[in-house]
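So the chains spell out like this:
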Amino acid sequence: MNTLNSKIPEGQLSEKWTKYKASQKLVNPANKRKLDVIVVGTGLAGSSAAASLGALGFNVKIFCISDSPRRAHSIAAQGGINAAKNYQNDGDSVDRLFYDTIKGGDYRAREANVYRLAEVSNSIIDQCVAQGVPFARDYSGMLDNRSFGGAQVSRTFYAKGQTGQQLLLGAYSALSKEIKAGTVKMYERREMMDLVVVDGRARGIITRNLQNGEIERWGAHAVVIATGGYGNVFFLSTNAMNCNGSAAVQCYHKGAFFANPCFVQIHPTCIPVKGEFQSKLTLMSESLRNDGRIWVPKKIEDAQAIREGRLKPTEIAEEDRDYYLERRYPAFGNLVPRDIASRAAKERCDAGYGVGATGFAVYLDFKSAIERLGRDKVEARYGNLFQMYEKIVDVNPYENPMMIYPAVHYTMGGLWVDYELQTTIPGLFATGEANFSDHGANRLGASALMQGLADGYFVLPYTMQNYLSDQIYESKISTETEEFAVAEKSVKEKLEKIMSINGEKTVDTLQRELGHIMWEYVGMGRNAQNLQKAIPMLENLKKEFWSNVRLTGDLNSLNPELEKAVRLADHIELAQIMAKDALQREESCGGHYREEFVTEEGEAKRNDQDFMFVGVWEYKGKDQEPVMHKEDLKYEFINVQQRNYK
Amino acid sequence: MDFTLKIWRQENRKAKGRFETYKISNISPDCSFLEMLDILNESLVDKLSHPVCFDNDCREGICGMCGLYINGHPHGPDSAVTTCQLHMRKFSDGETITIEPWRAKPFPIIRDLIVDRTALDKIIQEGGYVSATTGGVPDGNAILISKHKADEAMDSASCIGCGACVAACKNASAMLFVSAKVSQLALLPQGKPEAAIRVQNMVAKMDDLGFGNCTNTYACEAECPKQIKRSNIARMNREFICAKVASEESTKR
């Protein structure tokens, strides 16, 4: 039985989106005012969607977990945003951006969605410029570009090392305008607690007001989930502290299928872990790999001497350095995609060549860039990143090489959506990192910002109208129905249960245990034996949570411990399907690396014959095994090849 | 390292607050300030007391969510960092550290060290944007902007909205925050058509919400974690005066 209909329009790849837009149904302005839309999440995807839908005339309610939309973690993206403008005349095109994204995703993304993403990429840049986003300019006054991993053209637009910040502030400004106009209503410090489904359609949500603990009901004709990814399942990640996959899990429990949960991106350039107290990891933009060269000592005794503090990296002669990415991948060098760069670092460290006190670090060196460009130019390009590094590590990166190590960064998996970004629950849409659709098994740098804004500005305003056009006969969704009452009651019971356990272990302790299991057994290098170990460990952790967690505070006031506990309970469930998905996928592709499936040279080995599909998980109820469905991926327009960056 | 912490505790907006003293030991100098508070909180939960509530999110100095008033300075003693990027190596072993919330009338306390900063969003909603809706905009390169202007606009735009400038100011003035946004859009051609209306409406809202005026002490600039310059305030004043004197447009929308 295949219940998945991806609703990909007929026709040539380059005509699909145009044809869709020409034939989709619209809603007239008088009716738009009568239709309510809920958007959960205020990052790039959520803010851009809410602003665009509000401007069209829909009644939008947007829910923000923080005090302001500007806190969303999109703000931390540093490097840039891709677009196929070809301003550099270096051979870029929509087709090439499409091709690079599919290849970068290791042929596990849906062709039609990715093509549309490449197609609308140029409009995003124009939109952001119109909003006053201060992109970098060259001396002619035109937009500047830089290159990024996984591409041989310069197509990345940037605003210093703060591109995510500027794009989010652009979307936030568009949102602020709509809030002022009254088309969007903003609810801050609210966390979604459940999805309400009425007669098979998404009709509202239950939230907890984080300031006073109040449980609230909200009804709407459609709901958009824009709550980002679930990287914090690993405890240590580059995600912000409040990032969580809880809303997606609630939707999964209510019947939305979850796609490719095992596809997690490990980012190669993060500041290494220092100690047990570490609460999160800090990313250093991938753009650093444009000018920085990655190396470890060639001699194992040098690596050991460095770890023991007997030798400084600057004392190692050029010929004793192993620039392993340049050695292994001469064509792309330091600019290989993230998954490859991450694994190569792990491989060197596991082999005993790692540096830093722990041995889990490699060098990212700007010595030759400073010699070539001068310190001023390097400072102009990366000044704020260097400053950030120095503040955290207390080492001057102009004089010493930086130390980096891979860390969990982004989740390609997410709620399954069709071409319209609609989940398996009618009326429930998922956008940005929260959905699975565009990055396959690995995301290219500067593509997350592109996807979040593409979905919000240029896709959902069309596809949601197609859905909402049928909803004009539905009057306002009442929250005084049985379905809302049941959902609210179950949320209250769950919260009361968590508060009443009174066990021995703090939420943070259990969270660290979850992170440890995931990093060790479901992390960068996976194998069947470890995954089979992880599954019962996660089951035990789940039992332990529900019998031994220790909380303080109460339900009816601001209580960060309770917030973390609710998210942890959902993260354990997510971890379970991540491990199961990783176990069933007996191949290596993109960020998913199974140690049993490698080429003779140690590179990832895909199995297109048996695994060219999206693994789509259906929740079957508490204590029931979830069921996996398959959405077969058909490549009609692209020639599927082994990824090669040599 | 060992520390004595004097922390402001207040159960809710209306409750009476007080300082409580905590001892904490064996803290690594590499620990960030917030990680130190995490350790304190875990020990409080262990003893079944309520942890100290503080806002935080990205922990890499960009979201603007964290903000503690540490030993009399917003974001503590280090320069050009947010609280989350402050490290314990910046304190001396055995030191007593006083931690308070932002104190300003427009920022009421929600709990302990958490304050309500939605007033800043309300100012932005009065005009801190270009009124371009989605679609129908020209090509990005159709609007030429000199590198110098673009860079200057970027410097103003790098404000993170943390509110340290307000907390640092004896008048609880939000001039640095407001002027950063006004400047960014005044420097760019995209912001010009609405410039006169924008500055008047944003300033009116700022006054309305109870933020004080600027008396040129520049504490805001000294404490700003993103080093937003006071020249933004000068630019805003110029924009404001020009708008008041010369603009014939109504500020009504």
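In this text, all values refer to a predicted model and were calculated from it rather than measured experimentally.

Draft legend 1. Just the overall build of chain A, in detail. Along its length, chain A carries 18 helices and 21 strands. Its C-alpha radius of gyration of 24 Å places chain A within 12% of the 26 Å reference for a compact globule of 646 residues. Taken along its principal axes, the extent of the C-alpha atoms in chain A is 75 × 60 × 50 Å. Counting over 646 residues, chain A shows a buried share of 61%. Counting contacts in chain A only where the partners sit at least 6 residues apart, residues at least 24 apart contribute 74% of the total.

Draft legend 2. The interface of chain B and chain A, seen in detail. Contacts between the two partners involve 66 residues from chain B, matched on the other side by 64 residues from chain A. Considering only residue class, the side of chain B that touches chain A consists of 28 nonpolar, 22 polar and 16 charged.

Draft legend 3. Examining the packing of helix H1 (residues 13-23) of chain A against helix H5 (residues 111-131) of chain A more closely. Residues and elements named next belong to chain A. Contact geometry for H1 and H5: axes closest at 9 Å, N-to-C directions at 75°. Viewed along their axes, H1 and H5 adopt a mutual orientation that is roughly perpendicular. On H5, the residues touching Leu13, Lys16 and Trp17 of H1 are Glu111, Ala112, Tyr115, Arg116 and Glu119. A class-by-class count of the residues in the contact of H1 with H5 yields 4 nonpolar, no polar and 4 charged.

Draft legend 4. Representation of the sheet that holds strand S9 (residues 222-225) of chain A. Residue and element names in this part refer to chain A. Strand order in this open sheet of 5 strands is S5-S2-S1-S9-S17, and the pairing throughout is parallel. Single-partner strands in this sheet number two, and they are strand S5 (184-187) and strand S17 (428-430). Direction aside, the axes of adjacent strands within the sheet are offset by 20° on average. In terms of strand pairing, S9 meets S17 through 3 bridges, oriented parallel. In the sheet register, Ile225 faces S17, and the bridge partner there is Ala430.

Draft legend 5. A look at the domain arrangement of chain B. All names here are of chain B. For chain B, the domain assignment lists domain 1 (3-111) and domain 2 (117-132 + 141-246). Averaged C-alpha coordinates put domain 1 and domain 2 at centres separated by 28 Å. Across the boundary between the two partners, domain 1 contributes 18 residues, which contact 17 residues of domain 2.

Calculation rules
Residues numbered from 1 in each chain as written. Chains lettered and ligands numbered in written order. Predicted model: local features only at pLDDT ≥ 70, side-chain atom pairs only at ≥ 80, totals over all residues. Helix = DSSP H or I, 4+ residues; strand = E, 2+ residues; numbered from the N terminus. Rg over C-alpha atoms; globule rule 2.2 N^0.38 Å. Buried ≥ 20, exposed ≤ 12 C-beta atoms within 10 Å, placed from the backbone. Contact = placed C-beta atoms within 7 Å. Nonpolar A, V, L, I, M, F, W, Y, C, P; charged D, E, K, R; others polar. Axes fitted to C-alpha atoms, helices over the stretch in contact; angles between N-to-C directions. Parallel < 35°, antiparallel > 145°, perpendicular 65-115°, else oblique. Pairing = 2+ DSSP bridges. Domains from an automatic or database assignment.

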